[in-house]
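Here is how the chains run, residue by residue.
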Amino acid sequence: MQPFLETITGKIKSVTLINENYLLLLALFNCALLMNFHELYWKKPYVTILFFTMVGIIFLNYRLWRATIINIGISLSYFITRIPRMSNHANIEFFIAFLILSLFLYKIIYPKLKIAPNLVSWIFRISVVTIYFYSGFHKLNTDYFNPCVSCVNEVNDYIISNLTGTTLKIPENVSRFFQYTSIVMEMLIPIGLLWKATRKGSALLLLFFHFYLNLAVYSDFGSLAVFLIVGCILDFESKIIHYKISRAIRYYIFFTLLTFGVKIILVKYKFNPYYLGFIQGLIFNIGWVIFFYYLFTNVKAKSDLINKRHLFILSTCFILISFWTLRTYIGLGNSGNFTMFSNLVTEETTSNHLLIDTKKTKIFNFEEDNVHILKLHDTLKKEELVDTKIPISEFQFLSKNWCRLYKVKLNCTLVYKKDTIVIDDLRKSEFVKTQWWNRYLYFRKIQTEGPNTCRW
């Protein structure tokens, strides 16, 4: 056993990574993982300390990339039991972390592994353009353009109230402006990343977009955007980066660590959670501005055409991302797949998308086979499911989970297939019998009437 371990250790130590562009990206991804490390703050403090320490190591020297590999391993052990029932950016981070770890292991087995720098650049660009495009595409629905319920109101109300200290109702014409601006920012601006002349300008606009969103609780999402957008503009054929960028990355890492630490302290001392996301965004944006000032003043966009030999891989990236997000229109889940803040409705009879009619696209009827929840035990009040419908596959999964978490009798009243069902103990009902695949059919609750309100 000892010789085997020594052999493995020797192979791991033999793996080298000298391209500073890759080292920079791994450091940025480590920061993104830290910003997304929510639920383990208190549940597993020793793991959290280890995670924080690994990011601290790359603060001292961003070239110590093995610290990122350790955090990727920790993150995957957390993500693997929750995919796809996580926020959108967490799902993206899972796939990226899995890919990085797979390449690392492959490099151990086959030390001569080399990936064309041009291919890496275009994988980033195609992936980023596709992700942003579909995020905007899902917003092409009637309720997103309804100024009374549009998701742009929720974000802007929060930021404006924190900046001004007062509650202001956004006028209808201002709401309309933000609606169209968001569509343009997500569906059109990223396309500029594909050409040298527009690459830096497009990246700057996207980063400004996220700079604003960082103030609305989404700095964790913003930190992933940093990794993805920077990957689109770096020149991987050059193995070195400007020394000013090497210095600036330390500021970014420092303010990421500070953001993380301040959140833990504020949560511990029960600071008003309403202001927490805004304060996080303010701190995080300081490092954001410093880093990107030096990055964009010291990096040059390079003209590099797509190699025909790479078309298959790039097409595969596009197809896989497209399936992940468009499955919502065939009935395989409508949450955790870039439909965030879209006011989207995907039931077969009440779809609100302007271009897709789910009467013609639905293949699976999981969403149509639903229960109407009339009453739930007070323990489940925070779920906010009373007087809503939810697919039976989703309700079964949730019910089994609730019964595992809570020891009390969970009573409820439901309407299923036009029958009113009163359940004294959910644990003893048929609704806790779930299939393994229900975990992967992640659906939102269904509003019973009125324009569809904003949901993540």
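Everything below is about the structure printed above this text.
Each chain has its residues counted from 1, running along the sequence as written. Given that this is a predicted model, residues contribute local features only at a pLDDT of at least 70 and side-chain atom pairs are listed and counted only at 80 or more, while totals for whole chains, interfaces and linings are drawn from all residues. Calculation of side-chain values draws on the structure's entire complement of heavy atoms; hydrogens and water are dropped beforehand.

A. Fine view of the sheet that holds strand β2 (residues 388–391). Think of it this way: DSSP has to see at least two bridges between two strands before they count as a pair. For helices the rule is a DSSP run of H or I covering at least 4 residues; for strands it is a run of E covering at least 2, with both sets numbered from the N terminus onward. Pairing within the open sheet is antiparallel, and its five strands lie in the order β4-β3-β1-β2-β5. Looking at strand neighbours, the two that pair on one side only are β4 (419–423) and β5 (446–447), the edges of this open sheet. In terms of strand pairing, strand β1 (residues 370–376) meets β2 through four bridges, oriented antiparallel. Across the sheet, I373 pairs through a bridge with T388, a residue of β2. Of the strands in this sheet, β1, β2 and β3 (412–416) touch helix α16 (residues 392–405), which is tilted by about 90 degrees from β2. Residue contacts are defined here by distance: any two heavy atoms, one from each residue, within 4.5 Å place the two residues in contact. Each axis is a line fitted through C-alpha atoms, and for a helix only the stretch in contact is used; angles between axes span 0 to 180 degrees, taken between their N-to-C directions.

B. How the structure looks around the state of the cysteines. Working definition: a disulfide is two cysteine sulfur atoms within 2.5 Å of each other. Under the defined criterion, the tally for this structure stands at one disulfide. Covalently, C151 is tied to C454 through a disulfide, its sulfur atoms 2.1 Å apart. Since a negative S-S torsion denotes a left-handed disulfide, the C151-C454 link at about 110 degrees is right-handed. Of this pair, C151 sits in helix α8 (residues 151–164) while C454 sits in the segment after β5, and the two are 303 residues apart along the sequence. Note on classification: 1.4 Å probe, protein chains only; a residue is buried when its accessible area is under 20% of the maximum for its type, exposed when over 50%, partly exposed between these limits. You can call C454 buried: its relative accessible area is 15%. You can see C317 has no disulfide; the closest cysteine sulfur is in C232, sitting 12 Å from it. C412 forms no disulfide, and the closest cysteine sulfur to it belongs to C403, at a distance of 9.0 Å. Accessibility expressed as a relative area gives 2% for C412, which makes it buried.

C. Region of the structure containing the packing of helix α2 (residues 20–35) against helix α11 (residues 219–233). One way to put it is that α2 packs onto α11 with a least axis distance of 8 Å and a crossing angle of 165 degrees. By the criterion of interaxial angle, the relationship of α2 to α11 is roughly antiparallel. Every pair of crossing elements has a handedness; the one defined by α2 and α11 is left-handed. Between α2 and α11, the residues in contact are L24, L25, L28, F29, C31, A32 and M35 and S219, D220, S223, L224, V226, F227, V230 and G231, respectively. Any angle that is under 35 degrees is reported as roughly parallel, and any over 145 degrees as roughly antiparallel; angles of 65 to 115 degrees are reported as roughly perpendicular and all others as oblique. We call a crossing left-handed when the near helix sits turned anticlockwise from the far one by less than a right angle, and right-handed when that turn is clockwise.

D. Local environment of the pairing of β2. Summarising the sheet, β2 and β5 pair through two bridges and their orientation is antiparallel. Considered in β5, the bridge of T388 is made with Q447.

E. Spotlight on the packing of aromatic side chains. Think of it this way: a Phe, Tyr or Trp ring, Trp meaning its six-membered ring, pairs with another when their centres are within 6.5 Å, and the plane angle makes it stacked under 30 degrees, edge-to-face over 60, tilted otherwise. For the coordinates displayed, the defined rule picks out 37 aromatic pairs. Geometrically, the ring pair formed by F124 and F227 is edge-to-face, given 5.4 Å between the ring centres and 65 degrees between the ring planes. Here the residue F124 occupies a position in helix α7 (residues 117–137), and F227 occupies one in helix α11, the gap between them amounting to 103 residues. For F124, a relative accessible area of 11% corresponds to the buried category. Aromatic pair W436 and Y440: ring centres 6.3 Å apart, planes at 75 degrees, arrangement edge-to-face. The exposure class assigned to W436 is exposed, which follows from its relative accessible area of 64%. In textbook terms, an aromatic cluster arises when at least three aromatic residues are bridged by ring pairs, as seen for Y252, F284, W288, F291, F292 and F296. Here, a charge over a ring means that NZ of Lys or CZ of Arg falls within 6 Å of the ring centre while also lying within 35 degrees of the ring normal. Above the ring of F59, the side-chain terminus of R250 is found at 4.9 Å from the ring centroid.

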